[in-house]
Amino acid sequence: MQVVSCYLGKLQLTENKRLKPVERMFHTGMEALDELAGGFPRRSVHELLGEDGYKPGFAAGILAKAALHAAGGWLVWLDGDRRLYPPGLAGLGIDLSRLILLRPDKPGEQVWAVAECLRCKGVAAVVAALDRLSRIEARRLQLAAEAGGSTGILLRPAGRISREYAAARRWLVRPLPGQRTMQRWNLQLIHGHGGRVGQSVILEANRETGHVRAYAPVADRQAEQGPAMRIGA
Amino acid sequence: MPQWPIDRLNRGRRCGSGHEQETKHPEGESANGRNRPFHAIENQKSKIERPLVLIDTIASRRIVAVVSAEARQFGIREGLTLAEARALCPSLVHAPHEPENDWKALTKLARWMRRFSPIVALPDCREAAQQAGFHVFLDVTGCERLFGGLYSLLEQVDEAFRSLRISARLAIAPTPGAAFALAFSGRHGVIVGTDQVREALTSLPPIALRICQGIAQSLHHLGLETIGQVLALPREALPARFGPELLRRIEQALGLLPEPLEPVPHHAPICAGMDFDGVVDSLETIWLVFKQLIARVIIELARRECGARKVELRLHRSDGRPIVKEIHLSRPTRNAASLFNLMRCATESGIECRMSGSGKLTCAQPALDWHIPAGFTSIRLRVPVFERLAHEQLPLMEQELHDAQAELDCLVERLVLRLGREAVLQARLIESHIPEHACTVVPFAAPARNPQSATGHSSRPLSLLPAPREIGVMVSPSDDRDGRPISFTLNGRPHRVVFATGPERIAGQWWIGHHKTRDYFTVETESGRRLWIFRVRETNRWYWHGEY
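Read on for an overview of the structure. Because the structure is a prediction, the values reported are computed rather than measured. (Residues numbered from 1 in each chain as written. Chains lettered and ligands numbered in written order. Predicted model: local features only at pLDDT ≥ 70, side-chain atom pairs only at ≥ 80, totals over all residues. Heavy atoms only, no water.)

Right, let's get into the overall build of chain A. Each helix and strand counted, chain A has 6 helices and 14 strands in total. Counting across all 233 residues of chain A, residues that qualify as buried make up 55%. For chain A, contacts bridging at least 24 residues in sequence account for 58% of all contacts bridging at least 6. A total accessible area of about 10,600 Å² is found for chain A, and carbon and sulfur atoms account for 50% of it. (Helix = DSSP H or I, 4+ residues; strand = E, 2+ residues; numbered from the N terminus. Buried < 20%, exposed > 50% of the residue type's maximum accessible area, 1.4 Å probe, protein only. Contact = heavy atoms within 4.5 Å. Areas by Shrake-Rupley, 256 points an atom, 1.4 Å probe, with all protein chains shown as cover.)

Spelled out as structure tokens, the structure:
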């Protein structure tokens, strides 16, 4: 029920907050992943770490899609090394007409651009590969996300180079041996309040049907058949 | 102004050499012309006095369109070809005829003429101006008091035209039609009162009434050589014989029919500036000045109900050239906060402000090699392009959505300003089976109202190398050209292929000369990474192209 009052000649919409509750968390729709993470806070930065030069683009795409679904808005993808292939992103089910691709020439501009995008209300999620961040820069990104309301997803290398962080959740993403049509990743939560830190979950994507699902790693992987979520359009 | 195109061209040539400003601001010319050294004027005279014609090129024929007074003495007339004109006068100079530029210059002149009268009107349309000769109407009703009488006003205007070196004939009459007729037929400097209009017009040729060439011709064939003879005819018969135009022009000239003058619109520039007593180099002060200047500009924009589309910022330094920054806005705005953010971004990126410990700024222009540790002496803000800001009605519940969209527009402007247009991009899918061509990136533009959702292939990788990189691959069976990869070397490290899916055969675009065919494989290594590699069938070489 909306309540509109006219006070001092100015229409005021009261109870606006209750009408459209601003959700503080977003969910991927994959129970195992959501439970382990304890929900994904929207106004914050999430870090996905990859080892040996691996950049966990797929996991970032899944998170970005979930954030877009929750907030509705634009996706900004900072593509510093010009390797992002938009058809692959469209294959994940992300609407390319709501995508802004940033390719700054100077690496010094990257942190500034990410902070500006995080601070903007119209942006739902920002994905960026940032290697080295100073403590101040990491904190600045987190504050920008808190001020603006968008979700930051940072792809960073694991190790000493990403020692400084101010993210709400940190995941270590490792590719796992899969099958012909199945591609698997191991997502280990290494930092996050409210989540089960230290435990991991397996993300599985079927390249033929486009389904993706998450399940807890158990001895017999085939025994666990969690509900599958279809990606793609 | 019988010679307007020629005069304009000569003025342009005279001023074009060094003083670009003068063509734009004719008021500077009168002063400069007098102060110029004598020999310079002599040189110009000799140049000007050479016969000049302006030519139109119609297909391959070059036809004389405008003839200067000097050229006319040689017998050159409009409509001759250039070759014929050259035969008449070997020293003939010619230039292309540019009616567009003539009209633009006439508009500028009209704007400049506003110093004599608030109402300055241009001819009805461009074609009429070309046909009847370029002219400008000034409504001087009541203005003579400021100039000491009508004669004095006429003299001052004449003097102004002479110093601009524009040959013009002036006449003052109660109606625009009569004034034009007098000036057109060479009565320079006449002033006609209300009761003398009819007598003044009687002896003039009918073409001076601003009628088209056809009517004038038919009047000539009938032996009507003066306006007086036309006036003697029964007035009711005129429209039936010559069409409505002739009677309308006669009545306008006599003041029986009103002819309102449409004044040239007045555009005052929107600008604000601040001069400092000394050199200001504190960043906080400069930002404070920005805020004040923006506030002043916004008041003016609000008064006109407009929003800025382009903002020009000039930072004058005590030494060296001023730093000029132009900010283009994707849509009109007069929001102080967003304008300030943009200006801050512009100064930060271009001047490379660096805050030292004391809060002073050092600026270094990328184009210059040296660092100038100096501040600014004055700051100017100008809004050269502005547009009407439409009031929008928002649905009650969509306020948030609108805010978010407006904020996004501001964000894109800031990003474009600092990173450059080529760095803020939009991806579009293209129907193509070649992976590199299946997608294009274009500079970000305002989103369409109904975005079409594009569907991609879930079998495509998420990252694609800008150029495929050659790798060494072992295939099994080893001697077979159709063998499947079993291991490959990447960055000097061998990787065993656990399994490979494929091949997906993609043929090149043979119709534009790409005959090579690729066999794409998706390979998974022991570590679980999935790569997209291909073999060129013709050369049997392997390349790494993407990663899932």
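Now that the structure has been shown, the text picks up again.
With that settled, consider the overall build of chain B. Within chain B one finds 19 helices and 21 strands. Taken over 548 residues, chain B has a buried fraction of 43%. Residue pairs at least 24 apart in sequence account for 53% of intrachain contacts in chain B once pairs closer than 6 positions are excluded. Total accessible area on chain B stands at roughly 29,400 Å², and carbon and sulfur atoms take up 53% of it.

Attention now goes to the packing of aromatic side chains. In total, this model carries 13 aromatic pairs over all chains according to the counting rule given. Arranged with centres 6.0 Å apart and planes meeting at 25 degrees, the rings of Phe 40 of chain A and Trp 171 of chain A form a pair that is stacked. Pair noted here: Phe 40 of chain A is in strand 4 (residues 40-41) and Trp 171 of chain A is in strand 10 (residues 169-176), with a separation of 131 residues, a long-range link. Its relative accessible area of 1% is what places Phe 40 of chain A among the buried residues. Seen in terms of ring centroids, Trp 112 of chain B and Phe 116 of chain B are 6.4 Å apart; in terms of plane orientation they differ by 85 degrees. Their pairing is edge-to-face. Of the aromatic side chains, those joined through ring pairs into one cluster are Tyr 520, Trp 532, Phe 534 and Tyr 543 of chain B. (Phe/Tyr/Trp six-rings, centres within 6.5 Å; stacked < 30°, edge-to-face > 60°.)

The angle between the axes and the distance between the axes are what describe a pair of packed helices. For the pair helix 5 (residues 108-119) of chain A and helix 19 (residues 399-419) of chain B, interaxial distance at closest approach is 10 Å and the crossing angle is 170 degrees. Comparing the axis directions of helix 5 of chain A and helix 19 of chain B gives the class roughly antiparallel. From helix 5 of chain A, Glu 109, Trp 112, Ala 113, Glu 116, Cys 117 and Arg 119 of chain A reach across to helix 19 of chain B, where they touch Glu 407, Leu 411, Arg 414, Leu 415, Arg 418 and Leu 419 of chain B. (Axes fitted to C-alpha atoms, helices over the stretch in contact; angles between N-to-C directions. Parallel < 35°, antiparallel > 145°, perpendicular 65-115°, else oblique.)

Moving on, we get to the packing of helix 5 of chain A against helix 6 (residues 135-148) of chain A. Residue and element names in this part refer to chain A. Between helix 5 and helix 6, whose axes approach to 7 Å, the crossing angle comes to 20 degrees. Looking at the two axes, helix 5 sits roughly parallel to helix 6. For the pair formed by helix 5 and helix 6, the contact residues are Val 111, Val 114, Ala 115, Leu 118 and Arg 119 on the first element and Glu 137, Leu 141, Ala 144, Ala 145 and Gly 148 on the second. When its residues are assigned to classes, the contact of helix 5 with helix 6 shows 7 nonpolar, 1 polar and 2 charged. (Nonpolar A, V, L, I, M, F, W, Y, C, P; charged D, E, K, R; others polar.)

Below, the discussion takes up helix 13 (residues 213-221) of chain B. Residues and elements named next belong to chain B. If you check which residues of helix 13 are buried, you get Ile 215, Ala 216 and Leu 219. Viewed along the axis of helix 13, the buried residues span an arc of 100 degrees, placing them on a single side of the element. Close packing links the buried residues of helix 13 with helix 14 (227-232), helix 15 (237-242) and helix 16 (244-254). Phi turns positive one or two residues past the end of helix 13, at Gly 223, with a value near 80 degrees. (Arc of directions from axis to C-beta.)

With that out of the way, let us pick up the pattern of salt bridges. Residues and elements named next belong to chain B. Tallying each qualifying case throughout the model produces 34 salt bridges over all chains. Two residues, Glu 305 and Arg 388, come together in a salt bridge whose shortest N-O distance is 2.9 Å. In this pair, Glu 305 sits in the loop between helix 17 (283-303) and strand 9 (306-317) while Arg 388 sits in strand 13 (residues 376-388), placing the two residues 83 residues apart along the sequence. Between Glu 387 and Arg 309 there is a salt bridge; the shortest N-O distance is 3.1 Å. Of this pair, Glu 387 sits in strand 13 while Arg 309 sits in strand 9, and the two are 78 residues apart along the sequence. When its relative accessible area of 36% is taken as the criterion, Glu 387 is described as partly exposed. Judged by relative accessible area, Arg 309 falls into the partly exposed class, the value being 25%. (Salt bridge = Lys/Arg side-chain N within 4 Å of Asp/Glu carboxyl O.)

If you look at the biggest cluster of nonpolar residues, it comprises 46 residues, and the most contacted ones within it are Leu 48, Leu 75, Trp 77, Leu 89 and Trp 171 of chain A. If we ignore the near neighbours within four places in the chain, the residues touching Trp 77 of chain A are Gly 57, Ala 60, Gly 61, Leu 84, Leu 89, Leu 99, Ile 100, Leu 101, Leu 102 and Val 127 of chain A. Listed in part, the 36 residues of the second largest apolar core include Leu 102, Ala 166 and Ala 167 of chain A together with Leu 419 of chain B. (Core = buried A, V, L, I, M, F, W, Y, C linked by side-chain atoms within 4.5 Å.)

Residues and elements named next belong to chain B. Not every positive phi belongs to a glycine, and Arg 165 is a case in point at roughly 60 degrees. Summarising the element assignment, Arg 165 is placed in the loop between helix 10 (150-163) and strand 6 (171-172). Of note, Arg 210 is a non-glycine position whose phi angle comes to about 65 degrees, a positive value. Looking at the element boundaries, Arg 210 is found in the loop between helix 12 (197-202) and helix 13.

Before going further, it helps to spend a moment on the state of the cysteines. The final tally for this structure, using the stated rule, is 0 disulfides over all chains. Residue Cys 410 of chain B stays outside any disulfide, its sulfur separated by 8.1 Å from that of Cys 120 of chain A, the closest cysteine. The exposure class of Cys 410 of chain B is partly exposed, given its relative accessible area of 21%. (Disulfide = S-S within 2.5 Å.)

All names here are of chain B. Taken together, 4 strands build an open sheet; the order of strands is 8-13-9-10 and the sheet is antiparallel. Sheet topology places strand 8 (270-280) and strand 10 (323-333) at the edges, where each strand pairs with a single neighbour. Put simply, the sheet's adjacent strands are angled 15 degrees from each other on average, direction ignored. Set on the sheet, helix 17 makes contact with strand 8, strand 9, strand 10 and strand 13; between it and strand 8 the angle comes to about 160 degrees. (Pairing = 2+ DSSP bridges.)

Residue and element names in this part refer to chain B. What the 6 strands build is a closed barrel, ordered 16-17-18-19-20-21; its pairing is antiparallel. Going across the sheet, the axis of each strand differs from the next one's by a mean of 45 degrees, ignoring polarity. By the bridge criterion, 4 bridges tie strand 17 (residues 484-490) to strand 18 (residues 493-507) in an arrangement that is antiparallel. Bridging across to strand 18, Leu 490 finds its partner in Arg 493.

Time to look at the pairing of strand 13 of chain B. Residues and elements named next belong to chain B. Both strand 8 and strand 13 contribute to a ladder of 7 bridges, which runs antiparallel. If you follow Cys 271 over to strand 13, its bridge partner there is Arg 382. Where strand 9 meets strand 13, 10 bridges bridge the pair, whose relative direction is antiparallel. Paired with Arg 314 across the bridge in strand 13 is Arg 380.

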